[in-house]
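So the chains spell out like this:
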Amino acid sequence: MRTIKTLTGKDPEDFQLLAEKKGLFLNGELKPGVKAGDIVKWLKDDFNLGHGHAMSIYAWFKGKRN
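Residues numbered from 1 in each chain as written. Predicted model: local features only at pLDDT ≥ 70, side-chain atom pairs only at ≥ 80, totals over all residues. Heavy atoms only, no water.

1. Some points on the packing of helix α3 (residues 36-47) against helix α4 (residues 51-61)
Here is step 1: α4 packs onto α3 with a crossing angle of 125° between their chain directions and a minimal axis gap of 9 Å. By the angle between their directions, the pair α3 and α4 is classed as oblique. Handedness of the crossing formed by α3 with α4: right-handed. For the pair α3 and α4, contact is made by A36, I39, V40, W42, L43 and K44 and by H51, A54, M55, I57, Y58 and F61, respectively. (Axes fitted to C-alpha atoms, helices over the stretch in contact; angles between N-to-C directions. Helix = DSSP H or I, 4+ residues; strand = E, 2+ residues; numbered from the N terminus. Parallel < 35°, antiparallel > 145°, perpendicular 65-115°, else oblique. Left-handed = near helix turned anticlockwise from the far one by under 90°. Contact = heavy atoms within 4.5 Å.)

2. A word on the environment of I39
Here is step 1: Of note, I39 is situated in helix α3.
Here is step 2: When the C-alpha atoms of I39 and H53 are compared, they prove to be 11 Å apart, with 14 residues separating the residues in sequence.
Here is step 3: If near-sequence neighbours (up to four positions away) are discounted, I39 is found in contact with L24, L30, V34, Y58 and F61.

3. Digging into the side chain of T8
Here is step 1: Mapped onto the elements, T8 comes out in helix α1 (residues 2-8).
Here is step 2: A distance of 2.7 Å separates a polar side-chain atom of T8 from the backbone oxygen of I4.
Here is step 3: A polar side-chain atom of T8 sits 3.0 Å from the main-chain amide nitrogen of K10.
Here is step 4: Among residues more than four places away in sequence, those in contact with T8 are F15, F47 and L49. (Polar contact = N/O pair within 3.5 Å; in protein donor to acceptor, adjacent residues only side chain to side chain.)

Dropping the structure here:
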C-alpha cells in the first residue's frame, strides 16, 4: 500500500471514497455484482496502477487489511 500511495498520492481510504462516489459501494461494502475486473479496470485506466496494485486495492475493499 505504501507503493500505491507513492504512485498515486492516495491511500486505500481515498480509493474507497472515490469508489463510493462511483456507486460501487452500498452501506460500506462493494455492491453485489461488482467484480474484481471492474475495480481493476477503473484503477488501471484512471490511476495507471498495475494489475497487482489494483488487486491489492480490491482485496482491501473486500476486507483484507493485512
